[in-house]
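# Commentary on secondary and tertiary structure
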There are 2 protein chains.
Amino acid sequence: MNEKLDYIFRRRSIRNYTGEMLRPEHFEHLLQAAMAAPSARCCDPWEFVIIDNRPALDRLAQLLPNGPFLKECGGAILVCGDLKKAYQESLSYLLQDCTAALQNILLAAPALDLGGCWLGIHPREERISAVRELFTLPANIIPVGCCALGFPAAELPPRTRYDLTKIHNNHW
Amino acid sequence: MNEKLDYIFRRRSIRNYTGEMLRPEHFEHLLQAAMAAPSARCCDPWEFVIIDNRPALDRLAQLLPNGPFLKECGGAILVCGDLKKAYQESLSYLLQDCTAALQNILLAAPALDLGGCWLGIHPREERISAVRELFTLPANIIPVGCCALGFPAAELPPRTRYDLTKIHNNHW
């Protein structure tokens, strides 16, 4: 692995946290990173909900069976898309734009001594409606994914899952 | 902008290239970065087509009206997803997983002195079918987006499109 790309390889899915809470500047820097992502025709259809207190994280943990560690993490960011603002009001572009922003959050975390883990929401209807109800999201706002964040309780080594069988040269 | 996150902010959409071609190790490093992205349940449904010669780039430029600069770039990577391998054979997860990989390619490029530009394909049917025909993609392989790559003819300054109106605290 090329060491110059260490900032890519050190993004790992962190599921163990110290319990220390994120500070406001953490969220500011992570969201500056999120909104540096590209979006289709620069429509920037993303919307972000910061979750920065223990009771709210505990409630979210009850709704997302894939995120029991929300109870020990230091905060979370819910990434949503506004279907009315997405290019051509397309769900495909909305998903792509929001995912690029979410990936930027995950990649920014290690530089701030944080770790993160992507918790999938879309397309699971039960998670979408539960999150929609908890945060009173309007009908045009689609929750795509949630990023658990915090100070890692243990380090994971950089890695890639590079697989030559997935690479094709100039034709299939 | 936090300088520690410069590797995020320096990703800009590059549409002017010197014409110099990428070398094989560029593609290797970019694809190591791509496959370091997370994917739903680690299904890694992504597939990549390297386009590394001028005639193939010229043919692709004819199909993608959003990418006239493919004629001057130094290579491209087509990012596709295998619907049979995506978690729950879900198009939503496929789009999210492939986008995370594509975003990693774009973020890795500057560290290799390259620039890139995301060329949208999905959900436009005419682009999907044109690209499917050019690369003889099987029916279960969905082209999501193409990344034009090359040596930038000019530098763009780091930036974010940070917008406070898109941030919500603990509720909508």
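Let us now look at the side chain of Asn 104 of chain B. Mapped onto the elements of the fold, Asn 104 of chain B is located in helix H4 (residues 91–108). Other than its neighbours up to four places away in sequence, Asn 104 of chain B contacts Ile 8, Gln 103 and Leu 107 of chain A together with Ala 33, Ala 34, Ala 36 and Ala 37 of chain B.

One key point about sheets: their strands pair by backbone hydrogen bonds, in either a parallel or an antiparallel sense. Reading across the sheet, the five strands line up as S3(A)-S4(A)-S2(A)-S1(A)-S5(B) and stay open at both edges, with mixed pairing between neighbours. The open sheet is flanked by strand S3 (115–120) of chain A together with strand S5 (167–169) of chain B, the only strands paired with a single partner. For this sheet the average axis-to-axis angle between neighbouring strands, irrespective of direction, equals 25 degrees. Strands in contact with helix H4 (residues 91–108) of chain A are strand S1 (46–51), strand S2 (75–82), S3 and strand S4 (141–150) of chain A; relative to S4 of chain A, the strand with the most contacts, it is inclined by about 10 degrees.

Both the distance between ring centres and the angle between the ring planes are used here to describe each pair of aromatic rings. Residue and element names in this part refer to chain B. Evaluation of the coordinates by the stated rule reveals five aromatic pairs over all chains. Note on Tyr 17 and Phe 69: the rings are 6.3 Å apart at their centroids and 40 degrees apart in plane angle, and the pair reads as tilted. With Tyr 17 in the loop between helix H1 (6–9) and helix H2 (24–34) and Phe 69 in the loop between helix H3 (54–63) and strand S2 (75–82), the pair connects residues that are 52 residues apart, well separated along the chain.

Now for the interface of chain A and chain B. It is common to give the size of an interface as the accessible area that goes away when the parts come together. Counting residues at the interface gives 71 residues for chain A and 71 residues for chain B. Carbon and sulfur atoms make up 56% of the area that chain A and chain B hide from each other, which totals about 6,300 Å². Three residues stand out in chain A for area buried against chain B, namely Arg 161, Lys 166 and Trp 172 of chain A, and they jointly supply 13% of the buried area on that side. Our enumeration of links across chain A and chain B arrives at two salt bridges.

Let's shift gears to unusual backbone geometry. Residue and element names in this part refer to chain A. A cis amide bond links His 122 with the next residue in sequence, Pro 123, at an omega value of 10 degrees. Looking at the element boundaries, Pro 123 is found in the loop between S3 and helix H5 (125–134). Even without being glycine, Arg 41 reaches a positive phi, approximately 55 degrees. Secondary-structure assignment places Arg 41 in the loop between helix H2 (24–34) and S1. We note that Thr 136 has phi near 45 degrees; this positive angle belongs to a residue other than glycine. Of note, Thr 136 is situated in the loop between H5 and S4.

Residue and element names in this part refer to chain B. Packing of H2 against H4 brings their axes to within 7 Å, and their N-to-C directions diverge by 135 degrees. With respect to each other, H2 and H4 are oriented oblique. Here H2 runs over H4; the crossing is right-handed. When H2 is examined against H4, the residues Leu 30, Leu 31, Ala 33 and Ala 34 are found in contact with a partner set consisting of Ala 101, Asn 104, Ile 105 and Ala 108. Here the residues of the contact of H2 with H4 are counted per class, giving seven nonpolar, one polar and no charged.

What follows concerns the pattern of salt bridges. All names here are of chain A. Counted according to the given criterion, the structure contains 10 salt bridges over all chains. Measuring nitrogen to oxygen at the nearest pair gives 3.6 Å for the salt bridge that ties Glu 47 to Lys 85. Taken together, the positions of Glu 47 in strand S1 and Lys 85 in the loop between S2 and H4 put the pair 38 residues apart, joining distant regions of the chain. Overall, the relative accessible area of 40% leaves Lys 85 in the partly exposed class.

A few words now on the state of the cysteines. The term disulfide refers to a covalent linkage connecting the sulfur atoms of a pair of cysteines. Counted according to the given criterion, the structure contains zero disulfides over all chains. Counting only cysteine sulfurs, Cys 146 of chain A is the nearest neighbor of Cys 147 of chain A, a cysteine outside any disulfide, at a range of 7.1 Å. A disulfide-free cysteine, Cys 43 of chain B has its sulfur positioned 8.0 Å from the sulfur of Cys 42 of chain B, the nearest such atom. Judged by relative accessible area, Cys 43 of chain B falls into the partly exposed class, the value being 26%.

With an RMSD of 0.0 Å, the operation that places chain A on chain B is a rotation of 180 degrees combined with a shift of 0.0 Å along the axis. The transformation just described matches what one would write down for a two-fold rotation axis. Here 100% of the contact residues of chain A are again contact residues in chain B; the copies associate through an equivalent surface.

Should the pLDDT be low somewhere, the predicted coordinates at that spot are not to be read in detail. Averaged over every residue, the pLDDT of chain A is 97; residues scoring 70 or more account for 100%. Scoring the predicted complex yields pTM 0.98 and, for the interface, ipTM 0.97.

About the cut-offs
Residues numbered from 1 in each chain as written. Chains lettered and ligands numbered in written order. Predicted model: local features only at pLDDT ≥ 70, side-chain atom pairs only at ≥ 80, totals over all residues. Heavy atoms only, no water. Helix = DSSP H or I, 4+ residues; strand = E, 2+ residues; numbered from the N terminus. Contact = heavy atoms within 4.5 Å. Pairing = 2+ DSSP bridges. Axes fitted to C-alpha atoms, helices over the stretch in contact; angles between N-to-C directions. Phe/Tyr/Trp six-rings, centres within 6.5 Å; stacked < 30°, edge-to-face > 60°. Buried area = accessible area lost by both parts, 1.4 Å probe. Salt bridge = Lys/Arg side-chain N within 4 Å of Asp/Glu carboxyl O. Parallel < 35°, antiparallel > 145°, perpendicular 65-115°, else oblique. Left-handed = near helix turned anticlockwise from the far one by under 90°. Nonpolar A, V, L, I, M, F, W, Y, C, P; charged D, E, K, R; others polar. Buried < 20%, exposed > 50% of the residue type's maximum accessible area, 1.4 Å probe, protein only. Disulfide = S-S within 2.5 Å. Least-squares fit on C-alpha atoms with pLDDT ≥ 70 in both. pLDDT = per-residue confidence, 0-100.

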